[in-house]
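The primary structure of each chain is shown beneath.
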Amino acid sequence: MTKQDNKIHPVSETTFRILIALSAIHFLNDALQALLSASYPILRDDLLLSFGQIGMITLVYQCSASVFQPLVGLIFDKRPAVWSLPFGMMFTLVGLISLAFAGDLRMVFVSVSLVGIGSSVVHPEAAKLTSMASGGKRGMAQSLFQVGGNLGGSLGPVLIALFVSPFGRQNLAFFAALSVLAISVAIPVSRWYKRNLHEITIKMQARDTENRSVQPLGTVIFSILILLVLIFSKYVYMASLHSFYTFYLIHKFDVTIQASQILLFVFLSGTAIGTIIGGPISDKIGRKYVIWISILGTSPFALLMPHVGLVWTVVLSFCAGLVLASAFPSIIVYAQELLPGKLGLISGLFYGFAFGIGGIASAVLGKIADIYGIDTVYFLCSFMPLLGLVTVFLPDLRKRR
């Protein structure tokens, strides 16, 4: 490797420290946000909510977390804000404390909106910095970043089961300490970003020029639309598990609330493992093939799950999470390679769309559960991964270079 190549593809101890720090921020941020969905059974009992109202809570949260993300990404692409990560985490801190003491549904909406706004800042900015610190290994870097989020998301139900369910919703306020910890981790990352902003920009432009895939504008737009369809299929199915899996287990198998949280953790652990392996594999065999295998490959597990007993439900949910989660790092990097000069916009668009679809799906699925029963939700959603068939229309960027 020449000296010039080394400048274009920096992989140093410093960048790996930044990647680990960004993954830790993602871990803490998503652990705090996972407390929302994990606390739904408690909120339902405290405030006497229906499934439809639970779905509306998710809709409000996901919309606040999704609508702003592309806008944040676009603005910060043009005018980098080096202190954006600590700033975003402050919204999460305030929202979490407010949720702990919310006395009615309106205050719950306000609380989850604040948490969502925090997410709309943290996700696109942290994802962009992950690409900047990747040294060219974007799949690996995105997997490391994503696994932090998935591990954090899987921790939420366990924290609720151990520290909130036995003692009351007010104990959510104690988890504000995790927000403070995330801010303390984000401050050195912001300082690194500030010191290296000019150099990072030059290196990213050089790498993007080297790796830019030659695609007509129509092909880029069509490919983005296909990727959004895949995000739609993935997150509608994930919404059925994130928002209603605990209720499904309680209804169908008569497990306790605490047991349902532990079984939700099993599913979320599968998503964390899938995220770890998805990115590095896509660096080797190509993004398209990992996307194809992961989304369409979830279908057998999803189709079987509504028709089996408790043990096989847990096993199949773990397998579905494992396979399905491997797609998202590849989708993000594939989209970034289509538009290499718009990292923040692409990250915000796909994170925002994922959050928005998850919120709308939760509201719709909640209404279906109220009218037709929770079993119907899982029967209908079991067909969603079949939309992975549209992956066949994506161009193979490795062949086009």
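Everything numeric here is computed off the predicted structure, so don't read it as measured data. Here, residues in each chain are numbered from 1, in the same order as that chain's written sequence. The predicted nature of this model means local features are confined to residues of pLDDT at least 70 and side-chain atom pairs, given and counted, to a pLDDT of 80 or more, with totals for whole chains, interfaces and linings taken over all residues. Side-chain metrics rest on all non-hydrogen atoms present in the structure, leaving aside hydrogens and water.

1. With respect to the pattern of salt bridges
Only one rule defines a salt bridge in this text: a Lys or Arg side-chain nitrogen within 4 Å of an Asp or Glu carboxyl oxygen. The full count for this structure, using the stated rule, is two salt bridges. When the shortest N-O distance is used, the salt bridge between Lys128 and Glu125 registers 3.1 Å. Of this pair, Lys128 and Glu125 both sit in helix H7 (residues 105-132), three residues apart, which is roughly one turn of the helix. Among the ionic pairs, Glu337 bridges to Arg287, the shortest N-O distance being 2.9 Å. In this pair, Glu337 sits in helix H15 (residues 327-338) while Arg287 sits in helix H12 (residues 287-296), placing the two residues 50 residues apart along the sequence. Residue burial is assigned from relative accessible area. The probe radius is 1.4 Å, only protein chains are included, and a residue is buried under 20% of its type maximum, exposed over 50%, and partly exposed in between. A relative accessible area of 10% means that Glu337 is categorised as buried. On the basis of relative accessible area, Arg287 is assigned to the buried category, the value being 11%. Only DSSP runs of H or I with at least four residues qualify as helices, and only runs of E with at least two residues qualify as strands; both kinds are numbered from the N terminus onward.

2. Some remarks on the packing of helix H11 (residues 257-285) against H12
Between H11 and H12, the least distance of the axes is 7 Å, while the angle of their chain directions is 130°. By the angle between their axes, H11 is oblique relative to H12. Along the contact surface, H11 presents Gly278, Gly279, Ile281, Ser282, Asp283 and Ile285, while H12 presents Arg287, Tyr289 and Val290. When residues are sorted by character, Ala, Val, Leu, Ile, Met, Phe, Trp, Tyr, Cys and Pro go into the nonpolar class, Asp, Glu, Lys and Arg into the charged class, and all the rest, Gly among them, into the polar class. Across the contact of H11 with H12, the residue classes tally to four nonpolar, three polar and two charged. Angular values range over 0 to 180 degrees, each being the angle between N-to-C directions of two axes fitted as lines to C-alpha atoms, with helices fitted over their stretch in contact. Should an angle fall under 35 degrees it is taken as roughly parallel, and over 145 as roughly antiparallel, whereas 65 to 115 is taken as roughly perpendicular and any remaining angle as oblique. Working rule for contacts: check all heavy atoms of both residues, and any pair within 4.5 Å makes them a contact.

3. Notes on the confidence of the model for the protein chain
Confidence in the prediction for the protein chain averages 81 pLDDT; 90% of positions are at 70 or higher. No element of the protein chain has a lower mean pLDDT than helix H1 (residues 3-8), at 38, and none a higher one than helix H13 (residues 299-304), at 92. Values of pLDDT, ranging from 0 to 100, describe the predictor's confidence in every residue of the model.

4. Some details on the environment of Thr376
By secondary structure assignment, the location of Thr376 is in helix H17 (residues 374-381). When its relative accessible area of 26% is taken as the criterion, Thr376 is described as partly exposed.

5. A look at the nonpolar core
We call a set of buried residues a nonpolar core when its members are Ala, Val, Leu, Ile, Met, Phe, Trp, Tyr or Cys and they connect through side-chain atoms within 4.5 Å of each other. Ranked by size, the top nonpolar core spans 103 residues in total, and within it Leu227 and Phe350 carry the most contacts. For this core, the leading source of residues is helix H10 (residues 217-253), giving 19 residues. Other than its neighbours up to four places away in sequence, Phe350 contacts Ile224, Leu227, Leu228, Ile231, Phe328, Ile331, Ile332 and Ala335.

6. Topic: the packing of helix H5 (residues 68-78) against H7
In contact at an axis separation of 9 Å, H5 and H7 are set at 45° when each is read in the N-to-C sense. Relative to H7, the element H5 is oriented oblique. The two elements H5 and H7 cross, and the hand of that crossing is right-handed. Contacts between H5 and H7 involve Phe68, Gln69, Val72, Gly73, Phe76 and Asp77 on the former and, on the latter, Ile117, Ser119, Ser120, Val121, His123, Pro124, Glu125 and Lys128. Class assignment of the residues belonging to the contact of H5 with H7 gives a composition of six nonpolar, five polar and three charged. A crossing counts as left-handed when the near helix is turned anticlockwise from the far one by less than a right angle, and as right-handed when that turn is clockwise.

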